[in-house]
Amino acid sequence: MNKYRVTFLTAEGLEQRSIMEGHNLPDLIQKVERVISDPIGYFTNDKNNCYFQVIRENISYIQYELLFSNTPIHFERVKELPAAVFQQLFVKVPNPEVYALACKGLDLATKERMLAEMPAALRTSVEAVFQQVLDATAAEVYEAQALLLHELTDITR
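Residues numbered from 1 in each chain as written. Predicted model: local features only at pLDDT ≥ 70, side-chain atom pairs only at ≥ 80, totals over all residues. Heavy atoms only, no water.

**Observations regarding the confidence of the model for the protein chain**
Per-residue confidence for the protein chain averages 87 on the pLDDT scale, and 97% of its residues sit at or above 70. Averaged over each element, pLDDT in the protein chain is lowest for helix H6 (residues 138-156) (84) and highest for helix H2 (residues 83-92) (94). (pLDDT = per-residue confidence, 0-100. Helix = DSSP H or I, 4+ residues; strand = E, 2+ residues; numbered from the N terminus.)

**Overview of the nonpolar core**
By size, the foremost hydrophobic cluster in this structure holds 28 residues, and its most contacted members are Phe75, Val78, Tyr99, Met114, Met118, Val126 and Leu148. For this core, the elements supplying multiple residues, two or more each, are H2, helix H3 (96-104), helix H4 (108-117), helix H5 (120-130) and H6. For this core, the leading source of residues is H3, giving six residues. Look past the residues within four positions of Met118 in its chain and what remains in contact with it is Phe90, Tyr99, Arg123 and Val126. Core analysis: the second largest hydrophobic core is formed by 10 residues, Tyr4, Val6, Val32 and Ile36 among them. (Core = buried A, V, L, I, M, F, W, Y, C linked by side-chain atoms within 4.5 Å. Buried < 20%, exposed > 50% of the residue type's maximum accessible area, 1.4 Å probe, protein only. Contact = heavy atoms within 4.5 Å.)

**Observations regarding a negative patch on the surface**
Among the surface-exposed residues, Glu97, Asp135, Glu140 and Glu143 lie close enough to one another that they form a single negatively charged patch. Considering the arrangement of structural elements, one finds Glu140 in helix H6. (Patch = residues over 30% accessible without salt bridge, like charges linked within 9 Å, V, L, I, M, F, W, Y side chains within 5 Å. Areas by Shrake-Rupley, 256 points an atom, 1.4 Å probe, with all protein chains shown as cover. Salt bridge = Lys/Arg side-chain N within 4 Å of Asp/Glu carboxyl O. Lys, Arg positive; Asp, Glu negative; His and termini not counted. Charge placed at Lys NZ, Arg CZ, Asp CG, Glu CD.)

**Considering the sheet that holds strand E2 (residues 15-22)**
Pairing is antiparallel across the open sheet formed by three strands, whose spatial order is E2-E1-E5. Two strands close off the open sheet at either side, each with one partner strand: E2 and strand E5 (59-68). Adjacent strand axes in the sheet meet at a mean angle of 25° when their direction is disregarded. Judged from the eight bridges that link them, strand E1 (residues 2-10) and E2 form a sheet pairing that is antiparallel. Paired with Tyr4 across the bridge in E2 is Met20. Docked against the sheet, helix H1 (residues 25-37) engages E1, E2 and E5, running at close to 125° with respect to E2. (Pairing = 2+ DSSP bridges. Axes fitted to C-alpha atoms, helices over the stretch in contact; angles between N-to-C directions.)

**Examining the side chain of Thr110**
For Thr110, the location among the structural elements is in helix H4. The class for Thr110 is buried, based on a relative accessible area of 0%.

**Digging into the environment of Asn48**
With respect to the helices, strands and loops of the structure, Asn48 is situated in the loop between strand E3 (43-44) and strand E4 (51-52). Distance from Asn48 to Ala11, taken between C-alpha atoms, is 23 Å for residues 37 residues apart in sequence.

**Topic: the packing of aromatic side chains**
One pair of aromatic rings is described through two measures. These are the centre distance and the angle between the planes. The tally for this structure, following the rule as stated, stands at five aromatic pairs. Measuring from centroid to centroid gives 5.7 Å for Phe43 and Phe52, while their planes differ by 25°, and the two rings are stacked. Judged on exposure class, the residue Phe43 and its partner Phe52 are both buried. Following the ring pairs from residue to residue traces out a cluster consisting of Phe8, Phe43 and Phe52. Its end group placed over the ring of Phe130, Lys111 keeps NZ or CZ at 4.6 Å from the ring centre. (Phe/Tyr/Trp six-rings, centres within 6.5 Å; stacked < 30°, edge-to-face > 60°. Lys NZ or Arg CZ within 6 Å of the ring centre and 35° of its normal.)

Structure below.
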């Protein structure tokens, strides 16, 4: 289970923070939305354990910060993996759509490294799918990355 700091900001600059757990960011966002939509839902302030209620109309911004993750590999570290690990990954997960979705949320260096390690046929397929997944949701991107991270964790153990 991952731990996140959730910060609620109002237009007036008022800030409230809570520490919450979630399996992943989409899971946490759903939990936050459920509490906000519940008329008697409250968050716990992470500084002095007092409770506060969030009224959707008053919130101008919600920030999510990952504090702790139980995932042993994170995508920003994928570019440091040896080529042999990438080759095993491409054999285990040959689906170009998964890579296209996962690359949507990556920094340029990680994306370029992953594409450079791909066999030519897979890279061509992934680049073709890029055009089809322009409207991918954050949840779809995260699920694709989570699948690849799970496989990478198995490979590197």
